[in-house]
Amino acid sequence: MKTIKVKTELIARHIRNGKIIGKRIVKNKVVTSAFVNDIVDNLIAEVAAFGDYKFHGSGTGTGAEAAGNTALGTEVETRDTGTQIEGASANIYKSVATHTYAATFAITEHGLFNIATVGILMDRTVFTAINVVSGDKIEFTFTITFSSGG
């Protein structure tokens, strides 16, 4: 049986005063069951704005990622709308967004959603803390690669 393989990657660049002061790269975490179900639903009949998985949320939750996640552990501030692009080949989806924080947080999680509030969570990624202060930015680059064949 041939299968579609899925790989994910999150790059988080911590920016302070216009300079990158830290970077996290996290690979192959958990795509959620809700996202997989949304794929199937949209193959049957377009039931939602499927192409809108571009809303980046971040938070301070530390619980492990799980396929059953439907939200971040502790989301902070508002979501940012990412720029959607095709990666180096036609089977790679990429969304990039930068969030400017208005307060001090230890950011430990990221999620990609299909709408700006609530919505379907495609992927939740937990990482070691990025300690931000007011005015700091994190540029999130989420990539998902689909490989056909087997």
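Since we're looking at a predicted model, the values are computed, not measured.

(A) Highlighting the overall build of the protein chain. Tallying secondary structure elements over the protein chain gives one helix and 10 strands in all. Each helix and strand of the protein chain, placed in order from N terminus to C terminus, yields the pattern β-β-β-α-β-β-β-β-β-β-β. Since a compact globule built from 150 residues should have a radius of gyration of about 15 Å, the 15 Å found for the protein chain is in line with a globular shape. Expressed as lengths along the three principal axes of its C-alpha atoms, the size of the protein chain is roughly 50 × 30 × 25 Å. The buried share among the 150 residues of the protein chain stands at 38%. Long-range pairs, those at least 24 residues apart, make up 70% of the contacts in the protein chain between residues at least 6 apart in sequence. Entry remark: accessible area of the protein chain is about 7800 Å², with carbon and sulfur atoms responsible for 56%. Averaging the positions of the 15 positive and the 14 negative side-chain charges in the protein chain gives two centres separated by 10 Å.

(B) Summary view of the layout of surface pockets. In this model, the largest pocket occupies a volume close to 360 Å³. For the lining of the largest pocket, the secondary structure elements donating two or more residues are helix 1 (33-44) and strand 10 (137-147). Ranked by residues supplied to the lining of the largest pocket, first place goes to helix 1 with four residues. Partitioning the lining of the largest pocket into residue classes produces 13 nonpolar, two polar and no charged.

(C) The arrangement of the sheet that holds strand 4 (residues 55-59) in detail. With antiparallel pairing, five strands are arranged side by side in an open sheet as 3-9-8-4-5. What marks the edges here is a single partner per strand, and that holds for strand 3 (30-31) and strand 5 (75-81). In this structure, strand 3 lies alongside strand 9 (residues 121-132), joined through two bridges in antiparallel fashion. From the neighbouring strand, Val31 faces strand 9, where its bridge partner is Asp123.

(D) Fine view of the pairing of strand 2 (residues 19-27). Here strand 1 (residues 5-16) pairs with strand 2 via eight bridges, running antiparallel. Paired with His14 across the strands is Gly22, a residue of strand 2. Where strand 1 hands over to strand 2, the hairpin turn is made up of two residues, of which Asn17 adopts a positive phi near 55°.

(E) Representation of the nonpolar core. In this structure, Tyr101, Ile107, Phe127, Ile138 and Phe140 are the most contacted members of the largest nonpolar core, which totals 18 residues. Contributions of two or more residues to this core are made by strand 1, strand 8 (105-113), strand 9 and strand 10. Residues within four places of Ile107 in sequence aside, it is in contact with Ser58, Gly59, Val76, Tyr101, Phe127, Thr128, Ala129, Ile130, Val132, Ile138 and Phe140.

(F) Quick look at the sheet that holds strand 10. Within the open sheet, the five strands sit side by side as 2-1-10-7-6. Their pairing is antiparallel. Only two strands of the sheet have a single partner each, and these edge strands are strand 2 and strand 6 (83-86). The mean inter-strand angle of the sheet, taken between neighbouring strand axes irrespective of direction, is 15°.

(G) Looking closely at helix 1. For helix 1, with 12 residues, the first-to-last C-alpha span of 17 Å sits near the 16 Å given by 1.5 Å per residue. Taken as a whole, helix 1 has its buried residues at Phe35, Asp38 and Asn42. Projected down its long axis, helix 1 carries its buried residues within an arc of 55°, all on one side. Away from the buried face of helix 1 by more than 90 degrees, exposed residues Leu43 and Ile44 are located. Of the surrounding secondary structure, the elements contacted by the buried residues of helix 1 are strand 3, strand 9 and strand 10.

Reading guide: rules and limits
Residues numbered from 1 in each chain as written. Predicted model: local features only at pLDDT ≥ 70, side-chain atom pairs only at ≥ 80, totals over all residues. Heavy atoms only, no water. Helix = DSSP H or I, 4+ residues; strand = E, 2+ residues; numbered from the N terminus. Rg over C-alpha atoms; globule rule 2.2 N^0.38 Å. Buried < 20%, exposed > 50% of the residue type's maximum accessible area, 1.4 Å probe, protein only. Contact = heavy atoms within 4.5 Å. Areas by Shrake-Rupley, 256 points an atom, 1.4 Å probe, with all protein chains shown as cover. Lys, Arg positive; Asp, Glu negative; His and termini not counted. Charge placed at Lys NZ, Arg CZ, Asp CG, Glu CD. 1 Å grid on protein atoms, 1.4 Å probe; cavity = no way out; pocket = protein on both sides within 12 Å on 5 of 7 lines; lining within 4 Å. Points joined across faces, edges and corners; volume = space filled by probe spheres on them. Nonpolar A, V, L, I, M, F, W, Y, C, P; charged D, E, K, R; others polar. Pairing = 2+ DSSP bridges. Core = buried A, V, L, I, M, F, W, Y, C linked by side-chain atoms within 4.5 Å. Axes fitted to C-alpha atoms, helices over the stretch in contact; angles between N-to-C directions. Expected span 1.5 Å × (residues − 1). Arc of directions from axis to C-beta.

Just geometry here; none of it tells us what the structure is for.
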